[in-house]
Amino acid sequence: MHKQIERALENISSSSLPKQEKMKAILKRYSDGEMGLDEAYYELLEDELIPMPQRCAVSAKIPLTELDEIRLKEKIRGILA
């Protein structure tokens, strides 16, 4: 989940402008603490802004450390700025 969001951030400029805006809005709400990572991830999936993971690639959810989450939020803020 974390890695998929990071990959989406790295490739955001290759998306269409409407998709970029939707993704940015969701990630801004996450980075501002208005929603959790799970909720942001599922909204990105629902809006087809990130690809649905392949069944064989689905694995146990690896818990994020507080530092991992801080880094992800900082990366999001850096790209949104």
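Keep in mind it's a predicted model, so treat the numbers as computed, not measured.

Tell me about the nonpolar core, and name the residues and values.
The biggest cluster of nonpolar side chains holds 18 residues, and the ones touching the most others in it are I5, M23, L27, Y30, L44 and L72. Mapped by element, the contributors of at least two residues to this core are helix 1 (2-10), helix 2 (17-31), helix 3 (37-46) and helix 4 (66-80).

Let's hear about the packing of helix 1 against helix 4: which residues, and what values?
At a minimum axis separation of 11 Å, helix 1 and helix 4 run at an interaxial angle of 15°. The angle between the axes of helix 1 and helix 4 places the two elements in the roughly parallel class. Considering how the two elements wind past one another, helix 1 and helix 4 form a crossing that is left-handed. Contact residues: H2, I5, E6, L9 and E10 in helix 1; D68, L72, K75, I76 and I79 in helix 4. Grouping the constituent residues of the contact of helix 1 with helix 4 by class yields 5 nonpolar, 1 polar and 4 charged.

Describe the packing of aromatic side chains, listing the residues and the values that go with them.
Applying the stated criterion across every chain yields a total of 1 aromatic pair. A ring pair is formed by Y41 and Y42, whose centres lie 5.4 Å apart and whose planes are at 70°; its orientation type is edge-to-face. Classification of Y41 by relative accessible area gives buried; the value is 6%. Judged by relative accessible area, Y42 falls into the partly exposed class, the value being 46%. Between the NZ or CZ atom of K73 and the centre of the ring of Y30, over which it lies, the distance is 5.1 Å.

Criteria and cut-off values
- Residues numbered from 1 in each chain as written.
- Predicted model: local features only at pLDDT ≥ 70, side-chain atom pairs only at ≥ 80, totals over all residues.
- Heavy atoms only, no water.
- Core = buried A, V, L, I, M, F, W, Y, C linked by side-chain atoms within 4.5 Å.
- Buried < 20%, exposed > 50% of the residue type's maximum accessible area, 1.4 Å probe, protein only.
- Helix = DSSP H or I, 4+ residues; strand = E, 2+ residues; numbered from the N terminus.
- Axes fitted to C-alpha atoms, helices over the stretch in contact; angles between N-to-C directions.
- Parallel < 35°, antiparallel > 145°, perpendicular 65-115°, else oblique.
- Left-handed = near helix turned anticlockwise from the far one by under 90°.
- Contact = heavy atoms within 4.5 Å.
- Nonpolar A, V, L, I, M, F, W, Y, C, P; charged D, E, K, R; others polar.
- Phe/Tyr/Trp six-rings, centres within 6.5 Å; stacked < 30°, edge-to-face > 60°.
- Lys NZ or Arg CZ within 6 Å of the ring centre and 35° of its normal.

Structural measurements only, silent on function.
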